[in-house]
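Fold and geometry: a report
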Amino acid sequence: MSTSGIGTSALLAFQRAIGTTSNNIANSATEGYSRQRTEFSNQTPQFLGGSFQGQGVQVDTIRRISDDFVNTQLRNSISEQSNAELKASLAGRIDDLLGSSSSGLTPVLQDFFDAAQDLANDPTSNAARTVFLTEAESLAERFGAIDRRLEEQREIINGQIRTNVDEINSLTEAVAGLNREIVSKSTQGTPNDLLDQRDRVLNQLAEKINVRVTEQDDGAVNVFVGNGQALVLGGNNRELVAESLTGDPRAPDIGLVGSGGTVNVSRFIDGGELGGLLETRSGIIDDAQNTLGQLAISIGSEYNQQNNLGLDLNDQLGADIFDVGSPGVRGFPGNSSNGTPAVDFGDTRELTASDYRLDFDGTDYQLTRLSDGETTTLVLDGDNVAEPVDGLVIDIDGLGAADGDQWLIQPTRNGARDLSVDMTNPSGIAAAAAVRADRGAGNSGDATIASVQAVDADDPDLLADAVVTFDGATQEFSVGGETFALDPDGVTTISVNGWEMEIRGTPADGDTFEVGSNAGYPGDNRNMLAMNDLSDERLVGGDRTFGDGYNSLLANVGTRTRQAQVAQQSADAQLEQARAQREAVSGVNLDEEAADLIRYQQAYQAAAQVISVSNSLFDSLLGAVRR
């Protein structure tokens, strides 16, 4: 090749290099732009005069400066940061709601306890009775108000879940489209701008959900979530849907649409905004509503039971103060049976704050506690009513279930919402004990009555008169055909007719103790004192007082909030580092580009000078020939 040809090759090559550098400078502020570099190589030399003569330069490619490992780190950091930021924001709102003195439960609960104490101090006071019912209504209303606020947060989260799913589908469709375009244009060269555009879309996708990206030999990428669920395979994408797949319309699941139908992948979704929304809904909203409902059911049931064991101002056994609702039951979509099992509360002290899934395998019914996965096979009686499990009584009589049918049971989810005051007349508060006991007038022993109380309001003989007689020969008490051995070391407990009496000491032969209705003693406050004692007993879940139950909820939400805030601080720092690392590899350094621009400009001018010298030499050669 002539000197002119060599100069021309250099001129064209450095012109391309100047263009690449100019493009870098122009896109220095473009988000996600990867710096490009012109790659040169010498042209094949020519053998002349016993040696190889260079033939100039050529442009091999415009290389995109990018590191897949750094890009993956950036995507992961984006996913973690968006996840942590959203969880911290949502958890903070729930923490403020539950802990606020104006919207929380603590002050109203204390006012209710105080009103009960005032009524115990003056059980005949109509004013104290009215205040007690008013505070009970305030307590029920506050439970409902907190539940509504939590439900509002749930609806906001559900709306954001649906929006995120729509955005994820749009982004995966964009990735699939870019894959097709990149594969098509890769036969002509490396489509750097399309690769940058795809990385930007993948980063946007990482904000929504944690993804794993793998590259194919043809340049297309595959995108996976969870433990291998594919969202993008080459030029094709699969859609996500947000719909109820487990029976709860208030908690849409995430489904992956495939040829075989929609598969529930909610448990595999993590990271990004979508993962944060799902985690907040199940870990904070669901837990808060369930725990709050458990507390409301416990308060309502315990005060109802105790009021049932006393006498009101009309000398009647007390009626229920609260209405506590019932467990929620829903069948899964696709069940063969349209029916649902009848579920009711048994011992509310055994209730947990968990949801349950009931499965039928064609032979047995199995109840799974979703909080820890523990499964119990139901034991049915002749009426198809199961032995109680965790305070739940399940009746499957006439259900007509088929193999594979499932039901979602939410015992406490609506407990706070459904709690209401059923009693309207203050005279219905049973402050007095239902029964009283007296020593026989002719007793000669030193035995005394330590206590007597009603224990079963449903016993038809509860208020009937009864006489307990001691037989010195057998050392036994007898009443209504039943006998109870004297406890020589302490207190003898006699339980019959729905009441329980404790006798301390040793009676003489023939000593009697009379038990009967406590009617006619409106000033008696023994049952109201028993109601007051409920506030200090560990009745919630069998290990917490009412106050402890709410405080544990506050502590749980507060802990999660703090963890989310700490995680956000860490994620912010990691994202900043990942972005800095990406900029160090792929970002545009204007000082470096300015230096390259000067260098390429000088090379371009030198190449032009080569051509000029070549032309002068050629002209001189022609002039010499003409002479």
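Above: the structure in question.
Structural notes, computed from the coordinates.

Calculation criteria
- Residues numbered from 1 in each chain as written.
- Predicted model: local features only at pLDDT ≥ 70, side-chain atom pairs only at ≥ 80, totals over all residues.
- Heavy atoms only, no water.
- Helix = DSSP H or I, 4+ residues; strand = E, 2+ residues; numbered from the N terminus.
- Buried < 20%, exposed > 50% of the residue type's maximum accessible area, 1.4 Å probe, protein only.
- Contact = heavy atoms within 4.5 Å.
- Expected span 1.5 Å × (residues − 1).
- Pairing = 2+ DSSP bridges.
- Axes fitted to C-alpha atoms, helices over the stretch in contact; angles between N-to-C directions.
- Salt bridge = Lys/Arg side-chain N within 4 Å of Asp/Glu carboxyl O.
- Polar contact = N/O pair within 3.5 Å; in protein donor to acceptor, adjacent residues only side chain to side chain.
- Parallel < 35°, antiparallel > 145°, perpendicular 65-115°, else oblique.
- Left-handed = near helix turned anticlockwise from the far one by under 90°.
- Nonpolar A, V, L, I, M, F, W, Y, C, P; charged D, E, K, R; others polar.
- Core = buried A, V, L, I, M, F, W, Y, C linked by side-chain atoms within 4.5 Å.
- Phe/Tyr/Trp six-rings, centres within 6.5 Å; stacked < 30°, edge-to-face > 60°.
- Lys NZ or Arg CZ within 6 Å of the ring centre and 35° of its normal.
- Arc of directions from axis to C-beta.
- Patch = residues over 30% accessible without salt bridge, like charges linked within 9 Å, V, L, I, M, F, W, Y side chains within 5 Å.
- Areas by Shrake-Rupley, 256 points an atom, 1.4 Å probe, with all protein chains shown as cover.
- Lys, Arg positive; Asp, Glu negative; His and termini not counted.
- Charge placed at Lys NZ, Arg CZ, Asp CG, Glu CD.

A look at the overall build of the protein chain
- Summing up its helical and strand segments, the protein chain has 10 helices and 30 strands in all.
- Taking the principal axes of the C-alpha coordinates as reference, the protein chain spans close to 165 × 50 × 45 Å.
- The 627 residues of the protein chain split such that 45% are buried.
- In the protein chain, the share of contacts with a sequence separation of at least 24, taken over all contacts with a separation of at least 6, comes to 69%.

Here's the deal with helix α1 (residues 3-26)
- A rise of 1.5 Å per residue sets the reference length of α1, with its 24 residues, at 34 Å; its end C-alpha atoms lie 34 Å apart and thus fit the reference within 8%.
- Buried within α1 are the following residues: G7, S9, A10, L11, A13, F14, A17, T20, T21 and N24.

Quick word on the sheet that holds strand β6 (residues 221-225)
- What the four strands build is an open sheet, ordered β5-β6-β7-β8; its pairing is antiparallel. Whereas interior strands pair on both sides, the edge strands pair on one side only; in this sheet they are β5 (212-215) and β8 (236-237).
- Of the pairings in the sheet, the one linking β6 to strand β7 (residues 229-233) comprises three bridges and is antiparallel in character. Among the inter-strand pairings, F224 is bridged to a residue of β7, identified as A230.
- Seen against the sheet, helix α4 (residues 126-185) touches β6, β7 and β8 and runs at an angle of roughly 45° to β7.

What to know about the pattern of salt bridges
- In the structure shown here, the tally under the stated rule is 28 salt bridges.
- The shortest N-O distance in the salt bridge between E167 and K208 comes to 2.8 Å. Taken as a pair, E167 in helix α4 and K208 in helix α5 (residues 192-208) lie far apart in primary sequence, 41 residues in all.
- Residue classification places E167 among the partly exposed residues on the basis of a relative accessible area of 31%.
- R413 is the partner of D355 in a salt bridge, and the nearest nitrogen-oxygen pair spans 2.7 Å. Note that D355 is positioned in the loop between β15 (342-345) and β16 (356-360) and R413 in the loop between β20 (406-410) and α7 (415-418), a separation of 58 residues in sequence. The same class applies to D355 as to R413, namely buried.

Considering the side chain of Q410
- Among the secondary structure elements, Q410 is positioned in strand β20.
- Engagement of the side chain of Q410 in a polar contact is seen with the side chain of R330, the distance being 3.2 Å.
- If we ignore the near neighbours within four places in the chain, the residues touching Q410 are D248, R250, P327, G328, R330 and D355.

Concerning the packing of helix α2 (residues 68-99) against helix α9 (residues 546-586)
- One can describe the packing of α2 onto α9 by two numbers: an axis separation of 7 Å at closest approach and a directional angle of 155°. The angle between α2 and α9 places the two elements in the roughly antiparallel class. At the point where α2 passes α9, the crossing takes the left-handed sense.
- Partitioned by chemical class, the residues of the contact of α2 with α9 number 18 nonpolar, 12 polar and seven charged.

Overview of the nonpolar core
- Among the nonpolar cores identified, the biggest contains 79 residues, and F143 and F546 are the most heavily contacted of them.
- The element contributing the most residues to this core is α4, with 18 residues.
- Of all hydrophobic cores here, the second largest spans 24 residues; its members include L309, A447, F470 and M501.

Thoughts on the sheet that holds strand β10 (residues 253-258)
- Taken together, the three strands give an open sheet; going across it, the order is β9-β10-β11, and neighbouring strands pair in antiparallel fashion. Sheet topology places β9 (240-243) and β11 (261-264) at the edges, where each strand pairs with a single neighbour. Across the sheet, the axes of successive neighbouring strands diverge by a mean angle of 40°, strand direction being ignored.
- Running over the sheet, α4 touches β9 and β10 and is turned about 165° from β9.

Focus: the packing of aromatic side chains
- By the definition in use, this model includes 13 aromatic pairs.
- An angle of 35° between the planes, with centres 6.5 Å apart, marks the rings of Y365 and W407 as tilted. With Y365 in strand β17 (residues 365-369) and W407 in strand β20, the pair connects residues that are 42 residues apart, well separated along the chain.
- Among the residues examined, Y365 registers a relative accessible area of 8% and is labelled buried.
- For W407, a relative accessible area of 0% translates into the label buried.
- Centre to centre, the rings of F470 and F477 are 5.0 Å apart; their planes meet at 55°, and the pair counts as tilted.
- Exposure remark for F470: the relative accessible area of 2% places this residue in the buried category.
- Taken together, the ring pairs connect F112, F113, F132, Y303, F322 and F546 into an aromatic cluster.
- Positioned over the ring face of Y521 is R436, at 4.0 Å from the centre of the ring.

Observations concerning unusual backbone geometry
- Located in the positive-phi region is D315, a residue other than glycine, with phi close to 60°.
- Positive phi outside glycine occurs at N497, with the angle close to 55°.

Side note on helix α8 (residues 526-533)
- All of the buried residues along α8 are N527, M528, M531 and N532. Looking down the long axis of α8, one finds its buried residues gathered within 150° of arc, a one-sided arrangement.

Notes on the environment of R180
- In this fold, R180 is placed in helix α4.
- In this structure the C-alpha to C-alpha distance between R180 and L150, which are 30 residues apart in sequence, comes to 45 Å.
- Here the side chain of R180 touches G235 through a polar contact of 2.4 Å, landing on its backbone oxygen.

Thoughts on the packing of helix α6 (residues 272-308) against α9
- Two elements in contact, α6 and α9, have axes separated by 10 Å at closest approach and are oriented at 175°. When the axes of α6 and α9 are compared, the pair comes out roughly antiparallel. Residue-level inspection shows G283, I284, D287, A288, T291, L292, L295, S298, I299, E302 and Y303 of α6 in contact with α9, the latter providing F546, G549, Y550, L553, V557 and R560.
- Tallied by class, the residues present in the contact of α6 with α9 amount to 10 nonpolar, four polar and three charged.

Regarding a negative patch on the surface
- On the surface, a cluster of negative charge is made up of D67, D68, E215, D217 and D218.
- You can see D217 is positioned in the loop between β5 and β6.

Focus on the environment of A437
- Mapped onto the elements of the fold, A437 is located in strand β23 (residues 435-439).
- Residue A437 is classed as buried on the basis of its relative accessible area of 17%.
- Along the chain, A437 and L11 lie 426 residues apart, while their C-alpha atoms are 117 Å from each other.

A word on the environment of D383
- You can see D383 is positioned in the loop between β18 (374-377) and β19 (392-395).
- Expressed as a C-alpha distance, the spacing of D383 and D395, which sit 12 residues apart in the sequence, is 8.1 Å.

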